[in-house]
Amino acid sequence: MPGTNEIAYIDFLDSDFVSLRVRQTGRSFRIHRKLLQSKSRPLIAALDSTLLEGQNFLYEFEDVKEGTVARFIEWAYRGDYPTPIIILEPLPPSFNPEKVDTDIEDKPTTKTPEMDFTSENHPLLVHIRLYIFSHLYIIPELQKLAYEKVTACFADLDKPDGLDKQLAVIDALRLCLSKLSQNDTLLDWLAQYAAYSIDKLRLQGSFHDLLKDFPSLSSRMMISLNPAQSPPWRSTQQKYQFTQYSARWTGDIYDI
């Protein structure tokens, strides 16, 4: 039996399809109109309007990754979404966007977790992108699921040992701070995690850059940070000297 916010298959399978297109790649994904209506009122409102989206039965995302849209559609049909997926090959420059549609059956396919932890498939970034996407398009059920998944990932990670894990955490923090409103509860949760992991994160220059760019993170962390273990007159020379380290990232890594 479907719950209060769920829709039975019989209620939407006879409805028309609409398309959700990712501007970055030009690929479109089709979804039943009534199903989309039950999941996101802002998206269906745009498609029902007299604007270009409504006329073409197509909504285009500007700063959303293809994997985020694919996972959203899978969640809409099945109530859950995969973390790692195989990202489809980019479309050729000569493609016709009006003729490129991907059904749910042709979505990017699931990978085994050990196959790919790039920025497209890293669990921290995947779940945070879905969380932000759900916030923007008012999809509370998906946002709740993404919150549970991302906080569970941080719990499994514990303190990030190693360069790759530390950079992934820093990228995840930057993504949240860039896209979420200051009163979002996830930011408080992540600030406490950053305070808990400060001995690991402070090894990376990109974390210091993050604190400069987003002073609010420092303020939130102060609630959870402990006093120094000794006064300055008892401190010894630092044993290890760390050179400045810059995280490897491109501008579009922080698209959701």
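It should be noted that the structure appears before, not after, this text.
Overview of the structure. These numbers come from a predicted model, not from an experiment. (Residues numbered from 1 in each chain as written. Predicted model: local features only at pLDDT ≥ 70, side-chain atom pairs only at ≥ 80, totals over all residues. Heavy atoms only, no water.)

Points about helix H12 (residues 215-222)
- What H12 keeps buried is the set Leu217, Arg220 and Met221. Taken down its axis, H12 places every buried residue within 100° of arc, on the same side. Every exposed residue of H12 that faces more than 90 degrees away from the buried side is listed here: Ser219 and Met222.
- Buried residues along H12 sit in contact with helix H8 (163-179), helix H9 (185-196), helix H10 (198-201) and helix H11 (205-213). (Buried < 20%, exposed > 50% of the residue type's maximum accessible area, 1.4 Å probe, protein only. Helix = DSSP H or I, 4+ residues; strand = E, 2+ residues; numbered from the N terminus. Arc of directions from axis to C-beta. Contact = heavy atoms within 4.5 Å.)

Description of the side chain of Thr83
- In this fold, Thr83 is placed in the loop between helix H5 (66-78) and strand E4 (101-102).
- Apart from the residues within four sequence positions on either side, Thr83 is in contact with Arg71, Asn121, Pro123, Val126 and His127.

Considering the pattern of salt bridges
- For the coordinates displayed, the defined rule picks out 13 salt bridges.
- Between Glu120 and Lys65 there is a salt bridge, with its nearest N and O atoms 3.7 Å apart. In this pair, Glu120 sits in the loop between E4 and helix H6 (123-136) while Lys65 sits in the loop between strand E3 (58-61) and H5, placing the two residues 55 residues apart along the sequence.
- Using a relative accessible area of 22% as the deciding quantity, one classes Glu120 as partly exposed.
- Between Asp199 and Lys159 there is a salt bridge, with its nearest N and O atoms 3.4 Å apart. Of this pair, Asp199 sits in helix H10 while Lys159 sits in the loop between helix H7 (140-157) and H8, placing them 40 residues apart in sequence.
- Ionic contacts of the salt-bridge type, sharing partners, join the residues Arg21, Arg23, Glu60 and Glu62 into one network. (Salt bridge = Lys/Arg side-chain N within 4 Å of Asp/Glu carboxyl O.)

Description of the packing of aromatic side chains
- Counting across every chain of the model gives 10 aromatic pairs.
- Ring geometry for Phe72 versus Phe133: centroids 5.2 Å apart, planes at 50°, classification tilted. Of the two residues, Phe72 is situated in helix H5 and Phe133 in helix H6; the sequence distance between them amounts to 61 residues. For the pair Phe72 and Phe133, one class covers both residues: buried.
- Among the aromatic side chains, those forming a connected cluster through ring pairs are Tyr59, Phe61, Phe72, Trp75, Phe133 and Tyr137.
- The ring of Tyr81 has Lys149 lying over it, and the distance from NZ or CZ to the ring centre is 4.3 Å.
- Geometry around Tyr196 places Lys159 over its ring, the cationic atom sitting 5.0 Å from the centre. (Phe/Tyr/Trp six-rings, centres within 6.5 Å; stacked < 30°, edge-to-face > 60°. Lys NZ or Arg CZ within 6 Å of the ring centre and 35° of its normal.)

Let's talk about the environment of Phe12
- Inspection of the secondary structure assignment puts Phe12 in helix H1 (residues 9-12).
- Considering only alpha carbons, one finds Phe12 and Leu35, 23 residues apart in sequence, at a separation of 5.8 Å.

Some words on the side chain of Arg71
- Locating Arg71 in the fold gives a position in helix H5.
- The side chain of Arg71 sits in the buried core without any salt bridge; Glu120 is the nearest counter-charge, 5.4 Å away.
- With sequence-adjacent residues up to four places away left out, Arg71 is seen in contact with Tyr81, Pro82, Thr83, Pro84, Ile85, Glu120, Asn121, Val126 and Leu130. (Lys, Arg positive; Asp, Glu negative; His and termini not counted.)

Details of unusual backbone geometry
- The backbone phi angle of Ile138 is positive, close to 50°, even though this residue is not glycine.
- Of the residues examined, Ile138 reaches a relative accessible area of 56% and is grouped as exposed.
- In this structure, Asp158 takes a positive phi of about 55° despite not being glycine.
- Tracing the backbone shows Asp158 in the loop between H7 and H8.

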